[in-house]
Amino acid sequence: MAVIAVVGGPGAPGATTTALALLLAWPLQPGRRILLVEADPDGGAVLAGALEGRVEAVYGLRNLAVADRRGLLAQTIWEQLIDLSPEGDAERLLLPGLTDPVQASGLTYTWEPLAELLHGIEQQGYDVIVDLGRSGATGAGAVLARRADVVAVTVRSTLRGLSAARPRLAALGEDLAAAGTGTDALGLLLVSEGPYSGAEVSREFGLPVLGELPHAPRTARVLSDGGDTTDRRFIRSELMRTARSAADEVQLLVRRRRQRLAPTASPAAAPAPALGAAPGGPAATGTPVT
């Protein structure tokens, strides 16, 4: 249905935690799946964070640069995924990020083919969330934001957070207007830590607030540093409830934008292999998809 870019910024507003919450909360129709791509050039966080190092860091984005140079990008991506589905049914998948920021230079010419590939698999029943972190929406990786259906920027509702976000949002808006699909792709995911309401922030920046997530360090720590994502208290937490509401708002914006934009031919991608139930226990352990 969609390719969603989640963007961070100065002050660690929680882009990866938000992206992971969306992955786990995203509503899935029968037969559909969702993929989270850690595309932050500063490095991925989920393997050492939410998965607590229980999955060896041999899978992920860093392997795609070599595959792309060999013309094997579309085949190789499926070998790099980890199943985060609570039931182990490969419905919620992760492409882990870089293990060292130095590796980002090797992906300079891979970002654009990767963006095309992600839109191709979207047509095969996959929604895609791309975590661009602090700096992934600039430089060579900016193509991932420019091609996204929605660019959701995480912002803390403190004065410091909003002040840091202002130039970031202005630059993103200009880039999307000049090289992307338009500034109406841009929206905010607000972390309600400060005194400013979503309505105030929306008026100040002239952008829609797609979700207001609570400042809930204890619950967020499950996503940032590890814990049981199948625990009923976590599933029913305010963080996950608001993440589900945010997912609904993002999907609504996607539908509105697609009605406005003229349809374009989607790039071809290699057919995705059938992903059945992956062996190896609960999602908290992180099961590689084979």
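About the criteria used
- Residues numbered from 1 in each chain as written.
- Predicted model: local features only at pLDDT ≥ 70, side-chain atom pairs only at ≥ 80, totals over all residues.
- Heavy atoms only, no water.
- Helix = DSSP H or I, 4+ residues; strand = E, 2+ residues; numbered from the N terminus.
- Rg over C-alpha atoms; globule rule 2.2 N^0.38 Å.
- Buried < 20%, exposed > 50% of the residue type's maximum accessible area, 1.4 Å probe, protein only.
- Contact = heavy atoms within 4.5 Å.
- Areas by Shrake-Rupley, 256 points an atom, 1.4 Å probe, with all protein chains shown as cover.
- Phe/Tyr/Trp six-rings, centres within 6.5 Å; stacked < 30°, edge-to-face > 60°.

Trainee: Is there a simple way to explain the overall build of the protein in this structure?
Mentor: From N to C terminus, the protein includes 10 helices and nine strands. Against the 2.2 N^0.38 benchmark of 19 Å for 290 residues, the protein shows a C-alpha radius of gyration of 18 Å, consistent with a compact globule. Looking at the protein residue by residue over its 290 residues, the buried ones come to 51%. Long-range contacts, defined here as pairs at least 24 residues apart, represent 75% of the contacts in the protein between residues at least 6 apart. Surface accessibility of the protein: about 12,600 Å² in total, with carbon and sulfur atoms responsible for 52%.

Trainee: Sorry, what's going on with the packing of aromatic side chains here?
Mentor: Think of a pair of aromatic rings as described by two things: how far the centres are apart, and how the planes are tilted against each other in angle. Within the structure shown, the criterion is met by one aromatic pair. Arranged with centres 5.3 Å apart and planes meeting at 55°, the rings of Trp78 and Tyr126 form a pair that is tilted. In this pair, Trp78 is assigned in the loop between α3 (73–76) and β3 (82–83) and Tyr126 in strand β5 (residues 126–133), connecting sequence segments 48 residues apart. Residue Trp78 is classed as buried on the basis of its relative accessible area, which comes to 7%.

Trainee: Just checking my understanding: could you explain unusual backbone geometry for this structure?
Mentor: Among all residues save glycine, negative phi is the norm, and among peptide bonds the norm is trans. Its identity as a non-glycine residue notwithstanding, Glu52 has a phi of 55°, on the positive side. The residue Glu52 is located in the loop between β2 (33–38) and α2 (64–69) in this model. The phi dihedral of Ala90 falls on the positive side, at around 60°, and the residue is not glycine. Tracing the sequence through the fold places Ala90 in the loop between β3 and β4 (92–95). Under the relative-accessibility criterion, Ala90 is labelled buried at 0%.

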